[in-house]
Amino acid sequence: MKIDLHVHSNNSDGSMSVLELIKEAKEKSITTFALTDHDTVQGIDEYMNLNSDYPMIFGIELSTYLNGKAVHILGYFKKPLPKIDELRTYLFQMKEKREKRTQEILIRLKKYFDIEIDYEEVKKNSHGVIGRAHIARAISEKYGYTFDEIFEKFLNDNSPACVEIDRLTTEDGINLLKRNHAITVLAHPLYLTDEMINEIISYGVDGIEVYYLGQNRKKYKKIAKKNQLLETGGSDYHGTTLDAEFGNPSIPQQNLDALMERINKLS
């Protein structure tokens, strides 16, 4: 039995549809997973149209900034999906910003690296929200670079081709999710300093990812217990886009039960 609370579909930067994820989850004996696409709930709408009996958990991974550093906040919703009009409006605005950013990145790739990619080529690779992964896929198809090479050479945060988006602060992001009936969890804290984690906890986040590859599980479990936070985690699976194994790590059933108890208490 496996439980994975951090999974992406092709509605953001994953490579698989929701239906394909469900099929693979069944093949790998993953009893439930949470769909947590970046800055979109389009995959949840897709799941609803499938009329599937697979118990997928509804989620999102919201991009925010804290003192100039990217911070991702996971939000988990109850079923059926409650009214989240405010969140949907914000996500639509973010989608438009991402599209404009993509066009600017393509201009800069040509200017600084003589990498020439047509916007329509990038767009055809995206099923929903456009991200740097879709640009990388187009570069890989045309020039033969690996994803690692592309992000190392052209699309890293310090690259002259990189373009930032005006996003919510982490505090505002947490509050937005809470106003829209979500339980909030700090994603992959290993990328943040202890000072930043403490500040995010002070904003009222409900949980923290303890089970995540590459991070000190004991450290984050201690932080969770000290601050009475939910302990979650998952694979951060993106299909073929990133190197991760669906269902690894799996979180304990008791942690899922605690999360679902909190979700079911939401208004």
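Residues numbered from 1 in each chain as written. Predicted model: local features only at pLDDT ≥ 70, side-chain atom pairs only at ≥ 80, totals over all residues. Heavy atoms only, no water.

(A) Summary view of the overall build of the protein. In terms of regular secondary structure, the protein is built from ten helices and seven strands. A globule of 267 residues ought to have a C-alpha radius of gyration of about 18 Å, and the protein, at 18 Å, matches this closely. With the C-alpha coordinates aligned to their principal axes, the bounding extent of the protein is approximately 50 × 40 × 35 Å. Residues classed as buried in the protein amount to 54% of the 267 residues present. In the protein, the share of contacts with a sequence separation of at least 24, taken over all contacts with a separation of at least 6, comes to 66%. When the accessible area of the protein is evaluated, it comes to approximately 12,500 Å², of which 47% is carbon and sulfur surface. For the protein, the distance from the average site of its 35 positive side-chain charges to the average site of its 41 negative ones is 3 Å. (Helix = DSSP H or I, 4+ residues; strand = E, 2+ residues; numbered from the N terminus. Rg over C-alpha atoms; globule rule 2.2 N^0.38 Å. Buried < 20%, exposed > 50% of the residue type's maximum accessible area, 1.4 Å probe, protein only. Contact = heavy atoms within 4.5 Å. Areas by Shrake-Rupley, 256 points an atom, 1.4 Å probe, with all protein chains shown as cover. Lys, Arg positive; Asp, Glu negative; His and termini not counted. Charge placed at Lys NZ, Arg CZ, Asp CG, Glu CD.)

(B) Geometry of helix α10 (residues 253-264). In this model α10 runs 16 Å from its N-terminal to its C-terminal C-alpha over twelve residues, within 8% of the 16 Å that 1.5 Å per residue would give. Every buried residue belonging to α10 is among Asn255, Leu256, Leu259 and Ile263, and all of these are buried. For α10, the angular spread of the buried residues around the axis is 100 degrees, confining them to a single face. Turned more than 90 degrees away from the buried face of α10, the exposed residues are Gln254 and Asn264. (Expected span 1.5 Å × (residues − 1). Arc of directions from axis to C-beta.)

(C) Here's a closer look at the nonpolar core. With 63 residues, the main nonpolar core has Leu5, Phe33, Tyr76, Phe77, Ile200 and Ile208 as its most contacted residues. Excluding residues within four positions of it along the chain, phenylalanine 77 makes contact with Val41, Ile44, Phe58, Gly59, Ile60, Pro82, Ile84, Leu87, Asn180, His181, Ala182 and Ile263. Formed by 17 residues, the second largest nonpolar core is a distinct cluster that contains Leu106, Ile117, Ile139 and Phe154. (Core = buried A, V, L, I, M, F, W, Y, C linked by side-chain atoms within 4.5 Å.)

(D) Spotlight on the environment of aspartate 157. Mapped onto the secondary structure, aspartate 157 falls in the loop between α6 (147-153) and α7 (170-179). A relative accessible area of 51% places aspartate 157 in the exposed class. Those residues in contact with aspartate 157 that sit more than four places away from it in its chain are Arg132 and Cys162. Within the structure, aspartate 157 has its side chain in polar contact with the side chain of arginine 132 (distance 2.9 Å). (Polar contact = N/O pair within 3.5 Å; in protein donor to acceptor, adjacent residues only side chain to side chain.)

(E) The side chain of aspartate 13, seen in detail. Along the chain, aspartate 13 falls in the loop between β1 (2-7) and α1 (18-27). Salt bridges are absent for the buried aspartate 13, whose nearest opposite-charge side chain, arginine 98, sits at 7.1 Å. Among the polar contacts listed, one links the side chain of aspartate 13 to the side chain of serine 12, at a separation of 3.3 Å. Polar contacts involving the side chain of aspartate 13 include one to the side chain of histidine 238, which spans 3.2 Å. With residues up to four places along the chain from it excluded, the contact list for aspartate 13 reads His8, His38, Ala133, His134, Arg137, His238 and Thr241. (Salt bridge = Lys/Arg side-chain N within 4 Å of Asp/Glu carboxyl O.)

(F) Representation of the pattern of salt bridges. Considering all chains together, one arrives at 16 salt bridges under this definition. The closest approach of N and O atoms between lysine 28 and glutamate 24, which form a salt bridge, is 3.6 Å. According to the relative accessible area criterion, lysine 28 is partly exposed, its value standing at 30%. Two residues, lysine 178 and aspartate 206, come together in a salt bridge whose shortest N-O distance is 3.0 Å. Taken together, the residues span a long stretch of sequence, with lysine 178 in helix α7 and aspartate 206 in the loop between α8 (194-202) and β6 (207-211) at a distance of 28 residues.

That is the geometry; function is a separate question.
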